[in-house]
Amino acid sequence: MLAAVLLAGALACPATGLSVAVLGSGGPIAEGRAGPAYLVHVEGAPRLLIDAGPGALLRLGEAGVAPESLDAIALSHLHVDHAGDLPALLKSANFADPPARLALFGPDGRGLFPGLRQHVTALISERSDVFRYLADWLAGPKPRLTITEVNSADPDSPRETLLVDRPAYRLSAVVVHHGVVPALAFVVRSGGQTAVLAGDQSEFSTGFDTALAGSRPGLLIMHHAIPEGPGQPRGLHRPPAQLGEAAARLGAGQLVLSHNMKRALDRQAEGLAAIGRSYQGHVTIAGDGQCFAALLPQ
Ligand SMILES: [Zn+2]
Ligand SMILES: [Zn+2]
């Protein structure tokens, strides 16, 4: 049923307002879902790809969306499950005629993790030992691929960085805490509607909590990577109880769970109960290809 809808080339996104299609609801283990990838629609038109996990290219194709038609691709961080399909997207867009231009946003580097520019340069530049044959994306004084890094040094900072400012919508980033990994959450605002894509984040994302407290997003997408209970990587991800607390703190109109890992799904009743202790709004465990509208604040 789901596959039939996707193969028909249509995501069931509303024709008006702000909505987000979950192209990939899983990652990083091969458990039958694409890695995180979100297609932001404004007035029914796909405008932004947030994250490019493995399977994003396939899901975009199923939706009938060419990567080069998008205003921008924004990567929350450079873990494989969120960025692995980037070279495949660039290769696909290389077939566009006239040659495509793309805008790419993501975190700067810190410690073990190179920033977005170094990451992309290592993959596709003239000096790359990986996909050097894609180097024309970065060639010339005005490269067809523009790379913008967001300062991700301080997850305690409540600063929002504006990345895309269009008449119909704005995209901004907030730094989050995801272990030692430079990482971002994204906020999209259009008219009176707001969607927050929280990305991979731990409960130590105090800047996110402060920046967005009471912001009442009509859609909050958070990552359901670990179950309640001990023995989980708490410094990387929020357990369900913390997802509920964050949703309540923001005053979210609805909470959509993505990055659904089997270890969390196996204990989803316990997880949903933990969320429900703080958050009484609607909670959905997303599947690949589902679209969610950003509700207007009540
Ligand atoms: Zn991650
Ligand atoms: Zn992840």
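Small disclaimer: the values here were computed from a predicted structure and weren't measured.

**Examining the sheet that holds strand S3 (residues 45-50)**
The strands making up a sheet associate through backbone hydrogen bonding, with each pair oriented either parallel or antiparallel.
At step 1: Strand order across the open sheet formed by seven strands is S6-S5-S4-S3-S2-S1-S14, with mixed pairing between neighbours. Here the strands that pair on one side only, and so sit at the sheet edges, are strand S6 (145-150) and strand S14 (290-293). Neighbour to neighbour, the strand axes of the sheet diverge by 25° on average, direction disregarded.
At step 2: Across three bridges, S3 lies against strand S4 (residues 72-74) in parallel orientation. Bridged to Leu-48 within S4 is Ala-72.

**Quick look at helix H7 (residues 240-250)**
Note: α-helices contain 3.6 residues per turn, so residues at a spacing of three or four share the same orientation.
At step 1: Where H7 is concerned, the buried positions are Pro-240, Gln-242, Leu-243, Gly-244, Ala-246, Ala-247 and Leu-250.
At step 2: Next to the buried residues of H7 lie strand S10 (193-197), helix H6 (206-212), strand S11 (219-223), strand S12 (254-258) and helix H9 (268-276).
At step 3: Phi for Gly-251, located one or two positions after H7, is positive at around 70°.

**Brief notes about the pairing of S6**
At step 1: Of the pairings in the sheet, the one linking strand S5 (residues 102-107) to S6 comprises six bridges and is parallel in character. Bridged to Leu-104 within S6 is Ile-147.
At step 2: Following the chain from S5 across helix H5 (residues 116-124) to the adjacent parallel S6, one finds a crossover that is right-handed.

**Digging into the confidence of the model for the chain**
For residues with low pLDDT, the predicted coordinates do not support detailed interpretation.
At step 1: Put simply, the chain has an average pLDDT of 95, and 96% of its residues get 70 or more.
At step 2: Below a pLDDT of 50 lies the segment residues 1-8, which in the model reaches nine contacts outside its immediate sequence neighbourhood of four places, other chains included.

**Comments concerning unusual backbone geometry**
At step 1: Here Gly-27 and Pro-28 are connected by a cis peptide whose omega angle stands at -10°.
At step 2: Inspection of the secondary structure puts Pro-28 in the loop between strand S1 (18-24) and strand S2 (37-42).
At step 3: Of the consecutive residues Asp-97 and Pro-98, the connecting peptide bond is found in the cis state with omega at 5°.
At step 4: Residue position: Pro-98 is located in the loop between helix H4 (86-93) and S5.
At step 5: A positive phi angle, close to 70°, is found at Asp-51, a residue other than glycine.
At step 6: Under the C-beta neighbour-count criterion, Asp-51 is labelled buried, with 31 such atoms within 10 Å.
At step 7: A positive phi angle is found at Arg-216, which is not glycine, with a value near 50°.
At step 8: Inspection of the secondary structure puts Arg-216 in the loop between H6 and S11.

**Comments concerning the pairing of strand S7 (residues 160-165)**
At step 1: Bridging between S7 and strand S8 (residues 170-176) involves five bridges; their strand directions are antiparallel. By the bridge assignment for S8, Leu-162 is matched with Ser-172.
At step 2: In sequence, S7 turns back onto S8 through a hairpin of four residues.

Reading the values: rules and limits
Residues numbered from 1 in each chain as written. Chains lettered and ligands numbered in written order. Predicted model: local features only at pLDDT ≥ 70, side-chain atom pairs only at ≥ 80, totals over all residues. Pairing = 2+ DSSP bridges. Helix = DSSP H or I, 4+ residues; strand = E, 2+ residues; numbered from the N terminus. Axes fitted to C-alpha atoms, helices over the stretch in contact; angles between N-to-C directions. Buried ≥ 20, exposed ≤ 12 C-beta atoms within 10 Å, placed from the backbone. Contact = placed C-beta atoms within 7 Å. Right-handed = clockwise from strand over helix to strand, strands pointing away. pLDDT = per-residue confidence, 0-100.

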